[in-house]
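Residue-level listing of the chains:
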Amino acid sequence: MTEDRPSGQFDFLILGGGVAGLTAARELLRLGQRAAVIEKGADVGGLARTVVRDGFRFDLGGHRFHSHNPAVLRWLRDLLGDDLLTVPRVSRIKLNGRYIPYPITLPTAITAFSPLQGVQAAASYFLARFSEQKRPDRSFEDWVIRRFGRAMYGRFFQPYTEKVWGIPGRELSADWAAQRIGLPGVWPAIRHSLRPAAQPPATAVSRFYYPRAGFGMIPQALADDIRARGGTILTGTTPTRITAVPGGFEVTLRGPSGTQTWCAAELIATIPLGALLRLLASDSGGEAASRRFRLNYRGLICVFLALDRERVSGDSWTYFPEPEFIFGRTHEPKNWSLDMVPDGRCTSLGVEIFANPDEPVWSWPEAQIVDAVVSQLARIGWLSPEEVRDHWLLRLPHAYPIYDLGYGERLAQARQFLAQWPRLHLLGRTGSFRYMNSDGVIEDVFRFLDARFPAMEMAVPSLPEEDGRWA
Ligand SMILES: Cc1cc2nc3c(=O)[nH]c(=O)nc-3n(C[C@H](O)[C@H](O)[C@H](O)COP(=O)(O)OP(=O)(O)OC[C@H]3O[C@@H](n4cnc5c(N)ncnc54)[C@H](O)[C@@H]3O)c2cc1C
């Protein structure tokens, strides 16, 4: 599908029409800049889109909105108005045949151990406290064991983390733990359980915002506003080559109306970093750089089930770390908003299978994947196969940037390589290879605009310097 006519030269060409690209385009238009978005998919929204099938609406893995930043929340309310719901968060993890609240708090963690295992856990904690303190935190495993002990690591942290990332915890960077685990150790966890902090970590909030008809309302509202302001969005269009020229860039595009070349003074890339490097003209060394810097993304297979059943569970998300399940997480969209299902008598499930394109499950036929999911859900009593009215499946090769050991140095080198083009900017989660949720992506765009247009009356609120709390 092609939308809008190109109007020649742009101030900014934006590669990728996810939250990052669309937020950037919309705010640039508000600043009086000429901006165009190039999206290779048939629709905008990227990872934050909501797919609609026969009246069932599915996010690509349930997406909740949460931010501690009042400016970001104001911006979102301004965008969505009354369509922004507040939803209670109920998450559980299935461990050893029991469902326990998630994220795990210290009191629930203790109840998950037998008295003997409890003694072992306490011993392993004290052992780690006294023997591991001098070792640097290189890996995720180091970070967690040092703070929680080996027993807690093996029971709670390792199984789900390794399922999500597909690599051992010792090959995952400690940055990941530092960023995602809300509590920095057992003593802070005890203090937190006695006196919860006024601002819980983002991983532990009990309520969140959710757009009435799915998270995809956010990119959709941005796209509508871009078009209303005369901005350009091309969907179904792939850039095939980027060439730096005096005064900016030429980008060759292939889309439904053939091949054309567009020019812009500045380029914003929100697409996978490897893809960007390969697009840079061959004489610039981009192709070789993409092999050298090797920044890997984790893939995700989303299975969507439409069910003739009123409800499956009361959970927003349920986590399944154990290897007997092919999937790692489920969500029930009806528990997020009643508008996610065609009527109250039915429900649906979004099921996430973490896998890379080189793993066998990635190439299984859709029916085989769905059969495996349905039979495993039937075994735990969540549904019976006859209740599955319909199913759909999507494969996302770039769902998560992988913080494997050494990624920090390789990312820094890639950025250094790209710094030869000061008018080329990386933004967003996929484009800048940083694990950010959408609120972090929006802040990233605001921060860029603050730096790029310091003297202008900003249409977006000014934000403090980045402080590392991405999500
Ligand atoms: C399973 C899962 C659950 C999540 N849950 C939450 C949550 O609960 N809350 C939350 O806030 N965030 C959540 N997120 C994160 C959120 O989805 C992202 O932060 C956000 O969508 C990233 O936006 P982006 O624009 O940076 O990247 P993307 O969404 O990846 O956008 C990049 C865009 O570029 C396009 N593209 C790729 N290659 C090309 C190319 N060569 N040419 C042109 N276009 C191209 C893609 O099609 C895509 O539209 C979740 C993510 C996942 C995977």
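Above this note sits the structure.
Predicted, not measured: the structure shown is a model, and the values here were computed from it.

Scanning the chain from N- to C-terminus turns up 16 helices and 18 strands. Of all intrachain contacts in the chain linking residues separated by at least 6 positions in sequence, the fraction that spans at least 24 positions is 72%.

Looking now at the packing of aromatic side chains. The geometry of two aromatic rings is summed up by the distance between their centres and the angle between their planes. With the rule as written, the count across this model stands at 31 aromatic pairs. A centroid spacing of 5.0 Å and a plane angle of 55° characterise the contact between F208 and W336, whose relative ring orientation is tilted. In this pair, F208 is assigned in strand β8 (residues 207–211) and W336 in the loop between β15 (329–331) and β16 (347–354), connecting sequence segments 128 residues apart. Both residues of the pair, F208 and W336, belong to the buried class. In this structure an aromatic cluster arises from ring pairing among Y102, Y160, W165, Y319, F354, Y400 and Y435. In this arrangement the basic side chain of R92 is found over the ring face of Y99, its NZ or CZ atom lying 4.4 Å from the centre.

Near the ligand, the surroundings consist of 33 residues, among which E39, H63, R64, T430 and S438 are the closest. Backbone polar atom of G46 to an oxygen atom of the ligand: 3.5 Å apart, as the coordinates give it. Within the contact set of the ligand, an oxygen atom lies 2.5 Å away from a side-chain nitrogen or oxygen of S438. Coverage of the ligand by the protein chains reaches 93% of its 1,000 Å² of free accessible surface. Going through the elements one at a time, α1 (19–30), β17 (388–401), α15 (428–432) and α16 (438–452) are the ones with two or more residues in the shell around the ligand. Ranked by residue count, the leading element in the shell around the ligand is α15, at 3 residues. When residues are assigned to domains, the shell around the ligand turns out to be shared by domain 1 (10–46 + 71–83 + 215–294 + 405–452) and domain 3 (297–401), each giving three or more.

Let us now look at empty space enclosed by the protein. Applying the stated criterion across every chain yields a total of 1 cavity of 30 Å³ or more. S313, D315, S316, W317, T318, T330, H331, E332, L349 and W382 are the residues that line the largest cavity. Sorting the residues of the lining of the largest cavity by element identifies β14 (317–319) and β15 as the ones contributing at least two each. Looking at side-chain class alone, the lining of the largest cavity contains 3 nonpolar, 5 polar and 2 charged residues.

Ranked by size, the top nonpolar core spans 122 residues in total, and within it L13, W165, I242, L273, L276 and L418 carry the most contacts. Contact partners of L273, with chain neighbours within four places excluded, come to L295, Y297, L411, L418, L426, T430, G431 and F433. If you look at the next biggest cluster of nonpolar residues, it comprises 23 residues, including L305, L307, F320 and V388.

The next subject is the pairing of strand β10 (residues 238–245). Sheet analysis places β10 next to strand β11 (residues 248–255), joined by 7 bridges and oriented antiparallel. Each bridged residue has a counterpart across the sheet, and for A244 the counterpart in β11 is F249. Where β10 folds back on β11, the antiparallel hairpin that results is connected by 2 residues, among which G247 adopts a positive phi of roughly 85°.

Criteria and cut-off values
- Residues numbered from 1 in each chain as written.
- Predicted model: local features only at pLDDT ≥ 70, side-chain atom pairs only at ≥ 80, totals over all residues.
- Heavy atoms only, no water.
- Helix = DSSP H or I, 4+ residues; strand = E, 2+ residues; numbered from the N terminus.
- Contact = heavy atoms within 4.5 Å.
- Phe/Tyr/Trp six-rings, centres within 6.5 Å; stacked < 30°, edge-to-face > 60°.
- Buried < 20%, exposed > 50% of the residue type's maximum accessible area, 1.4 Å probe, protein only.
- Lys NZ or Arg CZ within 6 Å of the ring centre and 35° of its normal.
- Near = heavy atom within 4 Å.
- Polar contact = N/O pair within 3.5 Å; in protein donor to acceptor, adjacent residues only side chain to side chain.
- Areas by Shrake-Rupley, 256 points an atom, 1.4 Å probe, with all protein chains shown as cover.
- Domains from an automatic or database assignment.
- 1 Å grid on protein atoms, 1.4 Å probe; cavity = no way out; pocket = protein on both sides within 12 Å on 5 of 7 lines; lining within 4 Å.
- Points joined across faces, edges and corners; volume = space filled by probe spheres on them.
- Nonpolar A, V, L, I, M, F, W, Y, C, P; charged D, E, K, R; others polar.
- Core = buried A, V, L, I, M, F, W, Y, C linked by side-chain atoms within 4.5 Å.
- Pairing = 2+ DSSP bridges.

Limitation: the analysis is restricted to geometry and does not speak to function.
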